[in-house]
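A structural walkthrough
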Amino acid sequence: MTGTDTAWVAPANEDQLRAWDTAEGVFWAGQAELFEHSLQRYDDWLLRAAEIRDGDHVLDVGCGTGSTTRAAAWLAGSGTAHGVDLSSPMLMVAARRARDTGVGNATYLQADAQVHPFEPAAYDVLLSRTGCTFFADPVAAFTNLARAMRPGGQVALLVWQAPSQNPWFTELTTALAAGRVAPAPPLDAPSPFAFADPMRVADILTTAGFATPECEPVKESMYWGPDVHTAERFVLGVLGQQLSDADADTRARALTNLRRTLVKHYSPGGVSFPSAAWLVTSRKTA
Ligand SMILES: C[S@@+](CC[C@H](N)C(=O)[O-])C[C@H]1O[C@@H](n2cnc3c(N)ncnc32)[C@H](O)[C@@H]1O
């Protein structure tokens, strides 16, 4: 693209489309700078692991507002980077930012990466920054992605480790719970934490046609904003769903808890929380 095509979505991914193409996607698109900054400390890990060379064709899965697609396009030089995502509002930002920063070899497409008919063997590198853990059928998705890759092509995925290793999630959701039970996202169903178990990741990738992956643990701080007010708005956009059925008292306590938690993590550099991811690398088998 620059412009978006109509998505063709696997029926089981329609809930994800509804979320990312409407309210959630609109919020992410509006906060693009903050979101891109929030995981920036992981970008160097991911891009080095992607081993992009001049002339490569790179596929960025769940590219969102496209910061990693733009970086991949720069590294690919005379090659290309193609970002695919379910979210039209986020892709519009991605296309605008590529244009504004003079990145002419990044293209974007609204598509369900699980079922999109990519050109076979078209890509040298597959990368994703937290964008590949929402598939209803991850084996089908990675089988489809394997078809799009040339034999020997490189895979680099950044995915979250379990919630217990991610204080940004546990501390923020505990604050918002205000004494109620904090959410426990599934580790084996579409969620940010669906690739938290390296055994499961290995199973998915090898069944799909990739070599046994390496999962390197990486810990970086995750940025939530320059000040507590900005971080509060950001957290409520990302995790505020947790308060959807809270009564007024619970909501007030949750917001007090949240501010206390954010103040605890504030420094002159802004509000940051510890986080932990897996850097998953593999290759498409011949
Ligand atoms: C957590 S966001 C990450 C966005 C971006 N990679 C980043 O790091 O800022 C997850 C992204 O995956 C996308 N996504 C979820 N399911 C998808 C699917 N089946 N096909 C393509 N993209 C998908 C969402 O629309 C969303 O933009």
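As shown above, the structure is provided for reference.
Residues numbered from 1 in each chain as written. Predicted model: local features only at pLDDT ≥ 70, side-chain atom pairs only at ≥ 80, totals over all residues. Heavy atoms only, no water.

1. So, the overall build of the chain
Assigned secondary structure in the chain consists of 11 helices and eight strands. Over its C-alpha atoms the chain spans a radius of gyration of 19 Å, differing by no more than 12% from the 19 Å that the globule rule assigns to 286 residues. Residues classed as buried in the chain amount to 54% of the 286 residues present. Taking all contacts inside the chain whose residues are at least 6 apart in sequence as the whole, residues at least 24 apart take part in 79%. Here the chain displays about 12,500 Å² of accessible surface, and carbon together with sulfur accounts for 55% of that area. (Helix = DSSP H or I, 4+ residues; strand = E, 2+ residues; numbered from the N terminus. Rg over C-alpha atoms; globule rule 2.2 N^0.38 Å. Buried < 20%, exposed > 50% of the residue type's maximum accessible area, 1.4 Å probe, protein only. Contact = heavy atoms within 4.5 Å. Areas by Shrake-Rupley, 256 points an atom, 1.4 Å probe, with all protein chains shown as cover.)

2. Quick look at the pattern of salt bridges
Throughout the structure, instances matching the rule amount to 13 salt bridges. For the salt bridge of arginine 41 with glutamate 220, the shortest nitrogen-to-oxygen distance reads 3.8 Å. One end of the pair, arginine 41, is in the loop between helix H3 (32-38) and helix H4 (43-50); the other, glutamate 220, is in strand E6 (residues 214-225), with 179 residues separating them in the sequence. A relative accessible area of 18% places glutamate 220 in the buried class. A salt bridge links arginine 48 to aspartate 44; the nearest nitrogen and oxygen atoms lie 3.3 Å apart. You can see arginine 48 and its partner aspartate 44 sitting in helix H4, four residues apart, about one turn around the helix. For arginine 48, a relative accessible area of 55% gives the class exposed. (Salt bridge = Lys/Arg side-chain N within 4 Å of Asp/Glu carboxyl O.)

3. Notes on the site of the ligand
Taken together, the neighbourhood of the ligand is formed by 18 residues, with Gly62, Asp85, Asp112, Ala113 and Arg129 sitting nearest. Here an oxygen atom of the ligand sits 2.5 Å away from a polar atom, N or O, in the side chain of aspartate 85. Within the backbone of alanine 113, a nitrogen or oxygen atom sits 3.0 Å from a nitrogen atom of the ligand. Protein contact buries 97% of the 600 Å² of open area that the ligand shows by itself. Residues belonging to the shell around the ligand are distributed by class as follows: nine nonpolar, six polar and three charged. (Near = heavy atom within 4 Å. Polar contact = N/O pair within 3.5 Å; in protein donor to acceptor, adjacent residues only side chain to side chain. Nonpolar A, V, L, I, M, F, W, Y, C, P; charged D, E, K, R; others polar.)

4. Regarding the pairing of strand E4 (residues 123-129)
Burial runs high along E4: seven of the seven residues are buried. Summarising the sheet, strand E1 (residues 57-61) and E4 pair through three bridges and their orientation is parallel. Across the sheet, residue valine 58 finds its bridge partner in E4, namely valine 125. Examined bridge by bridge, E4 and strand E5 (residues 149-160) share six bridges and lie parallel to one another. (Pairing = 2+ DSSP bridges.)

5. Considerations on unusual backbone geometry
The phi dihedral of glutamate 51 is positive, around 50°, even though this residue is not glycine. Here glutamate 51 shows up in the loop between H4 and E1. Even without glycine at this site, threonine 130 takes up a positive phi of about 55°. Note on threonine 130: relative accessible area 17%, which makes it buried.

6. Comments concerning the nonpolar core
Soluble globular proteins: nonpolar side chains tend toward being buried together. Ranked by size, the top nonpolar core spans 53 residues in total, and within it Ile52, Trp224 and Leu262 carry the most contacts. In terms of residues, this core owes the most to one element, helix H10 (residues 228-239), which gives five residues. Contacts of isoleucine 52, omitting those with residues within four sequence positions, involve Leu47, Val58, Ala72, Leu75, Ala76, Val125 and Leu127. Counting residues in hydrophobic clusters, the runner-up holds 29 residues, among them Leu126, Leu157, Ala194 and Phe195. (Core = buried A, V, L, I, M, F, W, Y, C linked by side-chain atoms within 4.5 Å.)

7. Some remarks on the packing of helix H2 (residues 23-30) against helix H6 (residues 88-100)
Interhelical geometry of H2 versus H6 gives an angle of 25° and a closest axis separation of 7 Å. In terms of axis orientation, H2 runs roughly parallel to H6. For the pair formed by H2 and H6, the contact residues are Gly25, Val26, Trp28 and Ala29 on the first element and Pro89, Met90 and Val93 on the second. Classifying every residue of the contact of H2 with H6 by side-chain character gives six nonpolar, one polar and no charged. (Axes fitted to C-alpha atoms, helices over the stretch in contact; angles between N-to-C directions. Parallel < 35°, antiparallel > 145°, perpendicular 65-115°, else oblique.)

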